[in-house]
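Architecture at a glance
Chain by chain, the residues:
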Amino acid sequence: MPITCLQCEDAACVKACQYNALTRNEKTGAIELNEKKCVKCSACLGACPFGNVLLENNSGRFVKCDLCLGEPMCAKFCPSKTLEYK
Amino acid sequence: MVTITIDGIEYEAREGQTVLDVAKENNIPIPSLCHHEALKPWGACRMCVVELNGKIMASCTLPVAKDQNIKTKSELVKTVRKVVLNLLLARCPHSKTIQQLARLYGITKTTLKADEGRDNCILCNVCTRVCAQLGSSAIATVKRGSEKEIGTPFGEKPPDCIGCLSCARNCPTETIKFEETDAGRIIWNKSFEMAECSICKAKTVLTKEQVVFFAKKSGLPEEYFAKCDECARKETAETFAQLVINPGAHIMKAWGFTFGKLEAKAITASPVLPQKFERS
Amino acid sequence: MDHANTIKDIIAKYPVQRGVIIQILQDVHGRYNYLPKEALDEVAKQLSLPVAKVYSIATFYKAFSLKERGKIIIKVCKGTACHIRGAELICNELENILGVKAGGTTPDMKYTVEEVNCVGTCAMAPVIVIDDKYHGSMKPEKVRKLVTK
């Protein structure tokens, strides 16, 4: 079962970040990771109790679901429309 | 809001922004080495210089003001950047970052005597600032003048270092060396063991020191950090599965929340679910 | 040596504010004649500052020494005026007499030779300062008279 970011209201990742790199996008409600502000300290990755912040091994970037800025591609391209975004 | 002019085009800027901030927002290329958006401006590398009323200023520390007329491509700016690059290239002739930047300004070799015996550090202080902002301040500049370098207290293993690698990962010239294996890592001559996942006992991607430090800093329980991604996701999936099979009240209780409010005695996986979820 | 109490007393003399660290380090330096590692660790601990920061400050100023120094400190001015008027010769002569280069301490811990950049008495160049006493118009022979092993 694929699990993606729950966009917690009182998010652990946001609390852990000392650089204000994680902020909530008020429009989409998603917590977005500002890569320019990220220093790659791994605090958010460790903090997420659901394991939903990931370190991309190839690029060394930290990634998390940001709901594709309001238009999640997973839902858009789901062939059977099992995934829906409401 | 103030309006400033950069290279003849007017841009809207907010009070408190620097000229470099505005340029970055509007995709105006200004090279910089010591600038990092997570950190306060430092003004060390002098690469981001621009021209204001015939004077050269570092744009990263220049606050926007009404009717500023900034030039980023003038001959004066180019000359100054070339001088800076010539000096940087003399200091670290083998740095890929500096070489690439210098090539953009038509410099392939320094006209000065290249310093072969040095590492590629340009003393931009990104490493020490990142470390300080994290709250560990394990490294700092040592000595001064031509002997100035980034170092650890007494040249020994830094007692405050937590092995997060932020210093090395943000170094613009990739000078700070570290070794990494699945079991641990070595940086600044200090060895770190990776923390074990509390569930599957596999090594996590955080050092033991990071787990303790991050937990203390964020006020979150240590168990959050000492758990690998896979186990955390598995746990969440199981909880979700149970929610679907038997959406009874006892599950809600096991999750440690009542609708809309987190109970004080939160168990390991206890989210405050997003509003969307709560409404359903 | 009980660093903790010594340093506690020194810190107690100053207000709790940014910037007093240099005075504190000066006092510690005065107390031990150099800055011992343990003392710096203690200063950092008591001021709740990172050790790296304290070490950074201690290495920045030439007035601080991190190595144990001799009883008598000989400072050789190497400022422009002194340099032109033969500071190098003075340095060489001191090396001949004491057997230590600038920055070194004699094995019996009696003398430490330091190079300084200007002591502000260029009219008397070349100048050496022995235990805060200024000696101007130095010549190798005069050095020999002043400093006897």
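Not measured: the values here are computed from a predicted model. (Residues numbered from 1 in each chain as written. Chains lettered and ligands numbered in written order. Predicted model: local features only at pLDDT ≥ 70, side-chain atom pairs only at ≥ 80, totals over all residues.)

**Looking at the nonpolar core**
Going by this rule: Buried Ala, Val, Leu, Ile, Met, Phe, Trp, Tyr and Cys residues form a nonpolar core when they are connected through C-beta atoms within 7 Å. Here the C-beta atoms are placed from the backbone, and a residue counts as buried if at least 20 other C-beta atoms lie within 10 Å of its own, exposed if 12 or fewer do, and partly exposed otherwise. Two residues form a contact once the distance between their C-beta atoms, set from the backbone, is within 7 Å.
Core analysis: the largest hydrophobic core is formed by 103 residues, its most contacted members being Cys-13, Cys-44 and Ala-47 of chain A. Among residues more than four places away in sequence, those in contact with Cys-13 of chain A are Leu-22, Ile-31, Cys-44, Ala-47, Cys-48 and Val-53 of chain A.

**Details of the sheet that holds strand S1 (residues 72-77) of chain C**
Residue and element names in this part refer to chain C. Applicable threshold: Strand pairing is defined by DSSP finding a minimum of two bridges between the two strands. In this text, helices come from DSSP runs of H or I with a minimum length of four residues, and strands from runs of E with a minimum of two, each type numbered from the N-terminal end. Here an axis means a line fitted to C-alpha atoms, over the contact stretch when the element is a helix, while the angle between two N-to-C directions is reported on a 0 to 180 degree scale.
Strand order in the open sheet formed by four strands is S2-S1-S3-S4, and the pairing between neighbours is mixed. Since the sheet does not close on itself, it has two edges, and those belong to strand S2 (111-116) and strand S4 (133-135), each with one partner. Adjacent strand axes in the sheet meet at a mean angle of 25°, parallel and antiparallel pairs treated alike. Sheet topology places S1 next to S2; six bridges connect them, and they run parallel. Bridged to Ile-72 within S2 is Tyr-111. Sheet strands touched by helix H6 (residues 87-98): S1, S2 and strand S3 (128-130). Its angle to S1, the strand with the most contacts, is close to 150°.

**Brief notes about the pairing of strand S4 (residues 55-58) of chain B**
Residues and elements named next belong to chain B. Examined bridge by bridge, strand S3 (residues 49-52) and S4 share four bridges and lie antiparallel to one another. Its bridge partner being in S4, Leu-52 is matched across the sheet by Lys-55. The turn linking S3 back onto S4 is made up of two residues, and Asn-53 within it adopts a positive phi angle of 50°.

**Concerning the confidence of the model for chain C**
Residue and element names in this part refer to chain C. This is how it is decided: One number per residue, pLDDT, summarises how confident the predictor is, and it ranges from 0 to 100.
When pLDDT is averaged along chain C, the result is 91; 99% of the residues meet or exceed 70. The least confident element of chain C is helix H7 (residues 140-146), whose mean pLDDT is 88; the most confident is helix H4 (residues 51-60), at 95. Overall fold confidence for the complex sits at a pTM of 0.84, while the interface term, ipTM, reaches 0.88.

**Side note on the packing of helix H2 (residues 75-91) of chain B against helix H3 (residues 96-104) of chain B**
Residue and element names in this part refer to chain B. Our working rule: Each angle is binned into one of four classes, with values under 35 degrees roughly parallel, values over 145 roughly antiparallel, values of 65 to 115 roughly perpendicular, and all other values oblique. The hand of a helix crossing depends on one turn: near helix anticlockwise from the far one by less than a right angle means left-handed, and clockwise means right-handed. Asp, Glu, Lys and Arg are counted as charged, while Ala, Val, Leu, Ile, Met, Phe, Trp, Tyr, Cys and Pro are counted as nonpolar; the rest, among them Gly, fall into the polar class.
At a minimum axis distance of 10 Å, the contact between H2 and H3 shows a crossing angle of 150°. Between H2 and H3, the crossing angle belongs to the class labelled roughly antiparallel. As H2 runs across H3, the sense of the crossing is left-handed. Contacts between H2 and H3 pair Leu-85, Leu-88 and Leu-89 from the former with Ile-98, Leu-101 and Ala-102 from the latter. For the contact of H2 with H3, the per-class residue count stands at six nonpolar, no polar and no charged.

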